[in-house]
Structure formats: C-alpha cells, structure tokens
Amino acid sequence: MQLITSLDIRNSEYLSKNRLISYHHQLRLIFSLGNQVKNVLEIGIFNSLLTDILKNNGYNVTTADVDPNLKPEMILDLTTDFSLPKDKFEAIVLFQVLEHFPYEQSEQALKKLAEATKKFLVISIPCCTEYFALQIKTSFSERPRHLLINVPKFWTTKPVCNEHYWEMGLKGYPKKRILNSVAKVGLTVKQEFIDPTNPYHYFLVLEKNGGNI
C-alpha cells in the first residue's frame, strides 16, 4: 500500500468541494450518535480537520495511520495482525480507507475493528456507479430536493482510483457482498447514506451486536 505522503497531494487539491461534503457527513453521522460517544479513534488521516472539529466539540480523539509522516498518535497497519485496546473507544471511524488493500484483508481488518470498538464503527467506502443526479433548490424550501439514479458498474473491475484494490459496485463487489461482510463480523447497519451531490462515497454507521449501548 502506497503511503499518502508519497503521492505529493496538496491540501488545496485534496480539499475539493466533494471532499468537504464528505467531511460534513462524517461529522454529522458521528454527532448523530449523541452522548453515546465520547472517545473516538480516527484511522486514516491526511490532515487534522476532522480531529480538530471533533475535539472542539468535546470529543476525545486518538489518531492512527500507517504513515508515520502524518504524525499519528498510533502507528497502525490494518493489513497486519494488529491489536487495539478493547472497549476504550465508543466509536472507531475510518473513511475511504478499507479499499486501499485487497478485500480479504479489508474484511479481516473489519472483523478486528468490530471486536475492538465498544459501540460503533463509522465508515465510508467508494461506490462506483454511473449516475444521474438532479438538485432542485428554491427560496420556498429550506432543504433542496434531489433525484439520484445510479447504476453499479458491474461490467468492469477497474476502480475509479488507481490506489484502490476494489470499490463497491464493481464486478465481484456488489453492495450485498459488503453488507454480508458487515453482518459476518458481528455488526448491524444502523444508518446508511449516500449524498446525491457526491454519490461516490457510501457511508455506513455500524453498531456492535450486543454492545453495551
């Protein structure tokens, strides 16, 4: 797996409008868990934006990444037989991370994360589709209306991003397979969400079965 700091990505390029939309939903979904969550482990960092906002809202956040150049508090390689303190974090969050290594390793990492979290796992993964999205916003309504038609690209195995091993919707990776993996490791889907303005990111709030909620 190639380290993100080796890709020469500028923050100004990384923080696109679509990515900022995703940051909004990352925060919104974590906030939606309310006072059930105080201690958060964020896995996979590029900047401190999410961490800083969570800390400013009273969360205790620990950062983890495989890339030491990002200066995480914890060096963590999800492709190894890693261990995490169990029941320390009410929520473990990782966004656009699991697809960066082969699916079998992703599933194994998901299992170990499910064992480690006290309550929730909040993730996003890429959703590869051909889509048509329409937004209607008027002065008469506070919230815009959306129409989204998307078709998984089941006829191809090529991810949108060259750094990805797989993406949901591609041949061999239907949504059903991902949800089966979630259930197999002892997690239940509490929320799932796609923003029509950026349907490439598919969000899941996963609850630990039998968790002390």
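All residue numbers refer to position in the chain's written sequence, counted from 1. Local features in this predicted model are restricted to residues of pLDDT 70 or higher, and side-chain atom pairs are both shown and tallied only at a pLDDT of 80 or more, whereas totals for entire chains, interfaces and linings draw on every residue. For the side-chain quantities, the full set of heavy atoms in the structure was used; hydrogens and water were omitted.

**A word on the nonpolar core**
- Among buried residues, the Ala, Val, Leu, Ile, Met, Phe, Trp, Tyr and Cys ones that are joined through side-chain atoms within 4.5 Å form a nonpolar core. Buried means the residue's accessible area, taken with a 1.4 Å probe over protein chains only, is under 20% of the maximum for its type, while exposed means over 50%, and partly exposed covers the values in between. One finds Ile43, Leu78, Ile92, Leu94, Leu113 and Leu121 to be the most contacted residues of the largest nonpolar core, which totals 32 residues.
- Helix numbers and strand numbers start at the N terminus; a helix is a DSSP run of H or I with at least 4 residues, a strand a run of E with at least 2. Of all the secondary-structure elements, those providing two or more residues to this core are strand S1 (39–43), strand S4 (91–95), helix H4 (103–116), strand S5 (120–126), helix H5 (175–184) and strand S9 (198–208).
- A per-element tally of this core places H4 first, with six residues.
- Leaving out residues up to four positions away in the same chain, Ile92 has contacts with Leu41, Ile43, Leu84, Leu113, Ala116, Thr117, Phe120, Leu121 and Val122.
- Counting 18 residues, the second-largest nonpolar core is a separate cluster that includes Tyr23, Ile30, Leu33 and Val205. The contact criterion used throughout is that any non-hydrogen atoms of two residues lie within 4.5 Å.

**Some points on the side chain of Glu90**
- Locating Glu90 in the fold gives a position in the loop between strand S3 (74–75) and S4.
- For the purpose of charge, His is not counted, nor are the chain termini; Lys and Arg are scored as positive and Asp and Glu as negative. A carboxyl oxygen of Asp or Glu within 4 Å of a side-chain nitrogen of Lys or Arg is what we treat as a salt bridge. Lys118 provides the closest opposite charge to the buried, salt-bridge-free Glu90, at an N-O distance of 4.3 Å.
- Two N or O atoms count as a polar contact when they lie within 3.5 Å, although within protein this holds only if one can serve as hydrogen donor and the other as acceptor, and sequence-adjacent residues are included solely when both atoms are side-chain atoms. A distance of 2.6 Å separates the side chain of Glu90 from the backbone nitrogen of Asn39, its partner in a polar contact.
- Not counting the four nearest positions on each side in its chain, Glu90 is found in contact with Gln36, Val37, Lys38, Asn39, Thr117, Lys118, Lys119 and Phe120.

**Focus: a nonpolar patch on the surface**
- There is a patch of nonpolar side chains on the surface, built from Phe132, Leu134, Ile136, Leu147 and Ile149 and spanning about 460 Å² of accessible area.
- Those elements giving two or more residues to the nonpolar patch turn out to be strand S6 (129–136) and strand S7 (145–152).
- When residues of the nonpolar patch are assigned to their parent elements, the largest contribution, three residues, is made by S6.
- Of note, Ile136 is situated in strand S6. Patch members must show over 30% relative accessible area and no salt bridge, and they are joined within 9 Å when carrying like charges or within 5 Å when they are nonpolar side chains of Val, Leu, Ile, Met, Phe, Trp or Tyr. With residues, only the protein chains shown are counted as cover, and all accessible areas are computed by Shrake-Rupley using a 1.4 Å probe.

**A few points about the environment of Ser22**
- Topologically, Ser22 is positioned in helix H2 (residues 17–31).
- Residues in contact with Ser22, not counting those within four places in the same chain, are Asn198, His201 and Phe203.

**Observations concerning empty space enclosed by the protein**
- Lining residues are those with an atom within 4 Å of a point, where the points come from a 1 Å grid over the protein atoms alone and group into cavities, where a 1.4 Å probe fits but cannot get out, or pockets, open sets with protein on both sides within 12 Å along at least five of seven lines. Grid points are joined across faces, edges and corners, and a volume is the space filled by probe spheres set on the points. The full count for this structure, using the stated rule, is one cavity of 30 Å³ or more.
- Approximately 90 Å³ is the volume found for the largest cavity.
- Together, Leu98, Tyr103, Ser106, Glu107, Leu110, Ile123, Ile125, Trp166, Ile178, Ser181, Val182 and Leu204 line the largest cavity.
- When residues of the lining of the largest cavity are traced back to their parent elements, those giving at least two are H4, S5 and H5.
- With four residues, H4 is the single largest residue contributor to the lining of the largest cavity.
- Residues belonging to the lining of the largest cavity are distributed by class as follows: nine nonpolar, two polar and one charged. Throughout this entry, Asp, Glu, Lys and Arg are counted as charged residues, while Ala, Val, Leu, Ile, Met, Phe, Trp, Tyr, Cys and Pro are counted as nonpolar. The remaining residues, Gly among them, count as polar.

**What about the pattern of salt bridges?**
- As enumerated under the stated definition, the model contains five salt bridges in all.
- Asp81 is the salt-bridge partner of Lys112, the closest N and O atoms lying 3.1 Å from each other. Here the residue Lys112 occupies a position in helix H4, and Asp81 occupies one in the loop between S3 and S4, the gap between them amounting to 31 residues.
- The class of Lys112 is buried, set by a relative accessible area of 16%.
- For Asp81, a relative accessible area of 70% gives the class exposed.
- In this structure, Lys175 engages Glu192 in a salt bridge whose closest nitrogen and oxygen atoms are separated by 2.9 Å. One end of the pair, Lys175, is in helix H5; the other, Glu192, is in strand S8 (residues 187–195), with 17 residues separating them in the sequence.

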